[in-house]
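In case you want the letters, here they are:
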Amino acid sequence: MSPANRLAGGARGAFGSQRGLDWLHTLLLVALLGLAAGRATLNEPAFNPDPLTEAGAYSPLPAADQLYAPAELMRVAGAAAVLVLASAWAIGSAIAGRLTLRWPLLAVLTATLGAALLASAHRATAGRSASVAGLEQFALLLGGLLAAQLADAPWRRRLALVVLAGLAVMLGAKGVYQVTTEIPEQWAAFQANRDAILLGQGLDPASPQAELYATRVREATAKGWFGLANPFGSLMVLTTLAAAGLAVDKWRRWFRADTATPAKPRSPGEIPLPLLAAILSSALLVVPILAWWWTGSTGARLAGLLAGLAAAGLYWKRDWAARHHRTLLGAAATLLLAGGVAVVGVGLARGGLPSRTLQVRWEYWRASAGILAEHPLLGVGPDNFASHYLRHRLPGAEEEVRNPHNVVVHALVEYGLPGGLAYLAILAAVLVLATRPRVQALPSIPPPGPLWRDPVLGASAAVLGLMLLWRLAMQDYPARAFGATLVWDNLLPAVGLAVGLGAAWLLSRPAGGPETGLGQAGRVALACGLGGFALHNLSDFALFQPGAAMVFWLAAGVVLAAVPGRVWHLPREASAMLAAVLTGVTILVLVLVAGPVYRKSHAIRQAALALSGSDLQAANRWLERATAADPLDPAPPASLAQLRLHAARLAPPATRATLLEAAAQAARTAHARDPLQLANLERLVQLGAYDLDPTLLAAQWTAPPPDLQAQRREVRIALQARPGDPRLLNRSAQLAYQAGDWAQAIEQLRRAIAATDDGWPKLWDHLGDAYLQAGDPQQAREAWLRLLASRLDQWREWKALARSGQLLLTELDPQGLRLRVRLAELAWEAGDTQMVLEQIAAARARDAALTPQSLLHLTAAEQARLDLLARKAQTVSQPDTP
């Protein structure tokens, strides 16, 4: 017998029996639960952040001393893990010749959605973001469908409910710890190192974005490991209700056991174990309930209250509710539809919705209608909403949002009508089927044996171990204090989940008789929790946040496993074909998506480590590798362009032009990979200006430093050693100008101009500003005219750059407030005074359209910059006077 035949025979021996399949289903469900628990404790965003910032390149703390978890790699690994588990299920079942597919219509819809996501991602402008997000959504739905196949035994469904209740305790503990301890400590640390932390996030400390960041740091709301309160609130609604349902069933079980059997003599003060379990489970509910409320999310609070009231009412009147199931379902659907129509009607009639929270969402949804009208068939592609939104943003709309905060709008706009309707059909079907009053007719099972022989105990421990393994695999711990960081980072999730699992497991077992595994109260609570989670997603995006969404779909699959429905018994040939398709898809994902993302993430981490050590050459090499590793991602070449631009600022004049051309080449690559990304196009325009005048790099002024006087002393000392250095003279003039020492600024600028033989035209611009502040407008005008005269030889190129930049950038972001400020500054460099005044007027009009309480208004410093620009443009436009 050949080795292949022996292997096939051994596999049939392992999986050919029902016991073998049961073991396979148990192992795969435990792995799925462990993966869900692990993802709920990692900050996997629904989009990819800037890779170098995420890797710690710009933080005041060295990158090697930071905890690093690459978001994109985590997302791809999570999706690939689900595909591997699904392939293992299909292969094992096919070998056994017993592949049964529950809910085949949902399987067909999921496959349809997968095809739509593939087509949509293929046409998206940001290819890598689309492929990762599309793969992620397909894997999340596949995970739910897989759970419906694996939770085919009551005890496995009970295991899933125990894990959900354990997650409620663990996540609740994290939320409570955050509000009471973590956030106050973070705010104190932020206040002590504000500017360094903001610069590490790539933010100007004087910008409104920095103020928004500070507001988020100061906000004392529970966010769990997600960094956002709303998705965490959705997850807390679901898991808290699961824990509450389990606790109610424990009380019911204790009451029935206590009244149905003669009372046994007890020692004084002895508490029956069933009563102790009920008390413990109820007491621990305080933790997740507090965390849910402390999210501060109005939507999560409202959804949780409605779901909780619905669960209590349906459980109390469960017999009546079962008889009137369709009526109740129709009434709920009617209320939901009427509410949606009312929201749209009020929005159209009033031009918006009451309250700022609803108003900003109305702005998202109105813009989304325009996007969908342009891309009805395939949508804009998964995770491609942001760049398209800017083009359709309403006047006065503040935010540059990543998604529309509504599951219906999100699915339709990003996936197109066919894909979006398939997604919404799956979601609606799951929610409707979860409410079915009937459960699978299962034979009575005997009362359980001793506690220590309950399989839920061992499986729960395995889930805890797998959660920790996933966390360890997905995070890179700092070399310094490795052991202490590793233990401290995993202490709360380990202890929290262990306590939650222990309390949920304790006497969660049936007392004999017909059993679904979820219990009556548990099943009702879980179905209502799914409804509350989905309801909140009419104004949020938790269904697109990987950690929260995986728990949702897994819980939905477990509920569906207890509901009777159609089952396909696939013949051996069809089983083998399904196994081959899933395995092939998994291999393609690993090769085409996971491979490039892993190589890119590794190169970016090495680049961040090199940047932390100020080794620009090594960082450049690693970013070149990252750019080559993933041809679909614009982020590595964008980071490479920024790095080369930074190197050009530091380089001597002889090598500056070469570095600028290399930066432009990288910027062109980034722009080609995502033509709608505004930052890439802005960088190209910026590099075009530096190409026309490379001295702009050395002569450009920056924001005032926080320690102005200390900086002036340092520059003064440096000038004593190098008195003719134009860079130092320009820096000294800048600091003097910012300190209000106009005479010193003028003197230093005159010396800098003499040192460069008028070779730095921008110095004349600064000199004019200093003369104006010193009260000499005539000298200021002469200096500015010298700047514009230096541009005459390249006047056509400068004007073409300014005008093309205006057309291209304002097409991508017509409502961009600060974009108009930057365009006004570019127009001044080009000597196009008419465009300067046009962009200033546009900026002020957009600023006036913002609500009075908006944090995005132009700052006093920005207003002063615009006033100065307007005065300069008007001054040089005046005819000469005798």
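Since the structure is predicted, the reported quantities are computational estimates derived from the model, not experimental observations.

Glancing now at the overall build of the protein chain. When helices and strands are counted, the protein chain shows 37 helices and two strands. A principal-axis box enclosing the C-alpha atoms of the protein chain has dimensions of 110 × 65 × 55 Å. On the protein chain, roughly 37800 Å² of surface is accessible, and the fraction owed to carbon and sulfur atoms is 64%. In the protein chain, 78 side chains carry a positive charge and 63 a negative one; their mean positions are 11 Å apart.

Our next topic: helix H6 (residues 127–150). Its 24 residues give H6 an end-to-end C-alpha distance of 34 Å, which sits within 8% of 34 Å, the value for a rise of 1.5 Å per residue. In terms of burial, H6 is largely enclosed, as 24 of its 24 residues are buried.

Two side chains with opposite charge may pair up if their charged atoms get near one another. Applying the stated criterion across every chain yields a total of 32 salt bridges. Here Arg-402 and Asp-383 are joined by a salt bridge, their closest N and O atoms 3.6 Å apart. Of this pair, Arg-402 sits in the loop between helix H17 (385–392) and helix H18 (407–434) while Asp-383 is found in the loop between helix H16 (356–374) and H17, placing the two residues 19 residues apart along the sequence. Ionic contacts of the salt-bridge type, sharing partners, join the residues Asp-693, Lys-762, Asp-765, Asp-769, Arg-791, Glu-829 and Lys-872 into one network.

In this fold, Arg-605 is placed in helix H23 (residues 572–612). Its relative accessible area of 7% is what places Arg-605 among the buried residues. Residue contacts for Arg-605: discarding those within four places in its chain leaves Ala-55, Ala-63, Ala-64, Gln-66, Tyr-68 and Asp-476.

On to a nonpolar patch on the surface, then. Where nonpolar side chains cluster on the molecular surface, the patch consists of Ile-587, Leu-588, Leu-590, Val-591 and Leu-592 and spans about 470 Å² of accessible area. Inspection of the secondary structure assignment puts Leu-590 in helix H23. Given a relative accessible area of 39%, Leu-590 falls into the partly exposed group.

Quick look at helix H31 (residues 742–756) now. With 15 residues, H31 extends 21 Å between its outermost C-alpha atoms, agreeing within 8% with the 21 Å of an ideal straight helix rising 1.5 Å per residue. Among the residues making up H31, those that are buried are Ala-745, Ile-746, Gln-748, Leu-749, Ala-752, Ile-753 and Thr-756. Of the surrounding elements, those touching the buried residues of H31 are helix H29 (708–721), helix H30 (726–738) and helix H32 (762–773). One or two steps after H31, the chain reaches Asp-757, where phi turns positive at roughly 55°.

What follows concerns the nonpolar core. Leu-171, Tyr-389, Tyr-423, Leu-543 and Trp-553 are the most contacted members of the largest nonpolar core, which has 248 residues in total. In this view, Leu-543 contacts Gln-137, Leu-140, Val-407, Tyr-423, Leu-427, Phe-533, Asn-537, Ala-549, Phe-552 and Trp-553; residues no more than four positions away in its chain are not counted. Counting residues in each nonpolar core, the second largest holds seven residues, with Trp-187, Phe-190, Ala-210 and Val-217 among its members.

On to unusual backbone geometry, then. Here Trp-103, not a glycine, exhibits a phi torsion of approximately 55°, which is positive. Of note, Trp-103 is situated in the loop between strand S1 (100–102) and helix H5 (104–123). Its identity is not glycine, yet Ser-614 carries a phi of approximately 60°, on the positive side. Along the chain, Ser-614 turns up in the loop between H23 and helix H24 (616–629).

Another point: the side chain of Ser-120. Structurally, Ser-120 is set in helix H5. Among the residues examined, Ser-120 registers a relative accessible area of 0% and is labelled buried. At 3.4 Å, the side chain of Ser-120 and the backbone nitrogen of Gly-381 are in polar contact. If we ignore the near neighbours within four places in the chain, the residues touching Ser-120 are Leu-378, Gly-379, Val-380, Gly-381, Pro-382, Glu-414 and Tyr-415.

It is worth spelling out the packing of aromatic side chains at this point. Enumeration according to the criterion identifies 13 aromatic pairs in this entry. Residues Phe-552 and Trp-553 carry aromatic rings whose centres are separated by 5.1 Å and whose planes lie at 85° to one another, so their mutual orientation is edge-to-face. Each of the two residues, Phe-552 as well as Trp-553, counts as buried. By way of ring pairs, the aromatic residues Tyr-415, Tyr-423, Phe-533, Phe-544, Phe-552 and Trp-553 are connected into one cluster. One residue, Arg-301, lies across the ring of Trp-293, its end atom 4.0 Å from the ring centre. Over the ring of Trp-316 we find Lys-317, and its NZ or CZ is 4.6 Å from the ring centre.

So, on to the environment of Pro-184. With respect to the helices and strands, the residue Pro-184 is situated in helix H7 (residues 154–192). Classification of Pro-184 by relative accessible area gives partly exposed; the value is 40%. Along the backbone, Pro-184 and Ala-116 are 68 residues apart, and their C-alpha atoms lie at a distance of 45 Å. If sequence neighbours within four positions are ignored, Pro-184 has contacts with Gln-178 and Val-179.

Of all residues in the protein chain, 92% have pLDDT values of 70 or greater, and the mean over the chain is 88. Counting interchain partners and residues more than four positions distant, the pLDDT-below-50 stretch residues 259–265 has zero contacts. Low confidence marks residues 441–447, where pLDDT is under 50. Its contacts with residues over four positions away, or in another chain, come to 13 contacts.

Here Lys-223 is to be found in the loop between helix H9 (208–218) and helix H10 (229–260). Separated by ten residues in the primary sequence, Lys-223 and Gly-233 place their C-alpha atoms 7.7 Å from one another. When neighbours within four sequence positions are excluded, Lys-223 is seen to be in contact with Gln-178, Ile-183, Arg-216, Leu-228, Ala-229 and Phe-232.

The subject of this paragraph is the packing of helix H19 (residues 455–474) against helix H20 (residues 482–505). Working note: a packed helix pair is described by the angle between its axes plus the distance between those axes. With their axes 10 Å apart at the nearest point, H19 and H20 run at an angle of 160° to one another. The angle between the axes of H19 and H20 places the two elements in the roughly antiparallel class. Considering how the two elements wind past one another, H19 and H20 form a crossing that is right-handed. Each of Val-456, Leu-457, Ser-460, Leu-464, Met-467, Leu-468, Arg-471 and Leu-472 in H19 lies in contact with H20, whose residues at this interface are Leu-486, Asp-489, Asn-490, Pro-493, Ala-494, Leu-497, Ala-498, Leu-501 and Trp-505.

Scoring rules and cut-offs
Residues numbered from 1 in each chain as written. Predicted model: local features only at pLDDT ≥ 70, side-chain atom pairs only at ≥ 80, totals over all residues. Heavy atoms only, no water. Helix = DSSP H or I, 4+ residues; strand = E, 2+ residues; numbered from the N terminus. Areas by Shrake-Rupley, 256 points an atom, 1.4 Å probe, with all protein chains shown as cover. Lys, Arg positive; Asp, Glu negative; His and termini not counted. Charge placed at Lys NZ, Arg CZ, Asp CG, Glu CD. Expected span 1.5 Å × (residues − 1). Buried < 20%, exposed > 50% of the residue type's maximum accessible area, 1.4 Å probe, protein only. Salt bridge = Lys/Arg side-chain N within 4 Å of Asp/Glu carboxyl O. Contact = heavy atoms within 4.5 Å. Patch = residues over 30% accessible without salt bridge, like charges linked within 9 Å, V, L, I, M, F, W, Y side chains within 5 Å. Core = buried A, V, L, I, M, F, W, Y, C linked by side-chain atoms within 4.5 Å. Polar contact = N/O pair within 3.5 Å; in protein donor to acceptor, adjacent residues only side chain to side chain. Phe/Tyr/Trp six-rings, centres within 6.5 Å; stacked < 30°, edge-to-face > 60°. Lys NZ or Arg CZ within 6 Å of the ring centre and 35° of its normal. pLDDT = per-residue confidence, 0-100. Axes fitted to C-alpha atoms, helices over the stretch in contact; angles between N-to-C directions. Parallel < 35°, antiparallel > 145°, perpendicular 65-115°, else oblique. Left-handed = near helix turned anticlockwise from the far one by under 90°.

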